[in-house]
Amino acid sequence: MEKTRKKTTSLMVLILIAASMGIFIILPMYQTNSTSDKGSPLTNEEKLEQTLKSMQGVGEVKVYFYYGEMTNDQEANKLFSQYFRGTEQSAKNVTGMLVVSEGASDIFVKNEIRAVVSQVMQLPIHRIIIVPMENKEEK
């Protein structure tokens, strides 16, 4: 009786180990296949475009980031802070944005886009330009 109980216990342990190993082997394969079908990961511009498109009244959107030049003081502070954080020196900060939107002709939608982008990107409002998108159907 004792031998059969030990055999069943060891058999159950082996089955659990094999099942967990199978999950760890199969799951990453499934995840890489599903992400490779989508192509490259979304850029920050594309993520912001998708988010803005979901807002009411915005319509189609194109977002362009501006990476401005840093002054010498900013470069010195950035290099010093990057040394301690271990980040790359080539990383650039967004200093301005251009948003082209179908709904930007409405002043309320334009102000809402400006407020959202300012908060999300941590940019002052004067660094965000929002212009209406040309409507090709009207021509």
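Residues numbered from 1 in each chain as written. Predicted model: local features only at pLDDT ≥ 70, side-chain atom pairs only at ≥ 80, totals over all residues. Heavy atoms only, no water.

## With respect to the side chain of Arg 114
Right, so step 1: The residue Arg 114 is located in helix H4 (residues 107-121) in this model.
Right, so step 2: The buried charged residue Arg 114 lacks any salt bridge partner; its closest oppositely charged side chain belongs to Asp 106, at an N-O distance of 12 Å.
Right, so step 3: Once you skip the residues sitting within four places of it in the chain, Arg 114 turns out to touch Ile 125, Ile 128 and Ile 130. (Helix = DSSP H or I, 4+ residues; strand = E, 2+ residues; numbered from the N terminus. Buried < 20%, exposed > 50% of the residue type's maximum accessible area, 1.4 Å probe, protein only. Lys, Arg positive; Asp, Glu negative; His and termini not counted. Salt bridge = Lys/Arg side-chain N within 4 Å of Asp/Glu carboxyl O. Contact = heavy atoms within 4.5 Å.)

## Section: the sheet that holds strand E1 (residues 61-66)
Right, so step 1: Overall, mixed pairing links the three strands, which are arranged E1-E2-E3 in an open sheet. One side of each edge strand has no neighbouring strand; the edge strands of this open sheet are E1 and strand E3 (128-132). Each strand of the sheet is rotated relative to its neighbour by a mean of 15°, with strand direction disregarded.
Right, so step 2: Pairing geometry for E1 and strand E2 (residues 96-101), over six bridges, is antiparallel. (Pairing = 2+ DSSP bridges. Axes fitted to C-alpha atoms, helices over the stretch in contact; angles between N-to-C directions.)

## Some points on the pairing of E2
Right, so step 1: For E2, the tally of buried residues reaches five of six residues, placing the bulk of the element in the interior.
Right, so step 2: Both E2 and E3 contribute to a ladder of five bridges, which runs parallel. By the bridge assignment, Val 100 is partnered in E3 with Val 131.
Right, so step 3: In this fold, E2 hands off to H4, which returns the chain to E3; that crossover is right-handed. (Right-handed = clockwise from strand over helix to strand, strands pointing away.)

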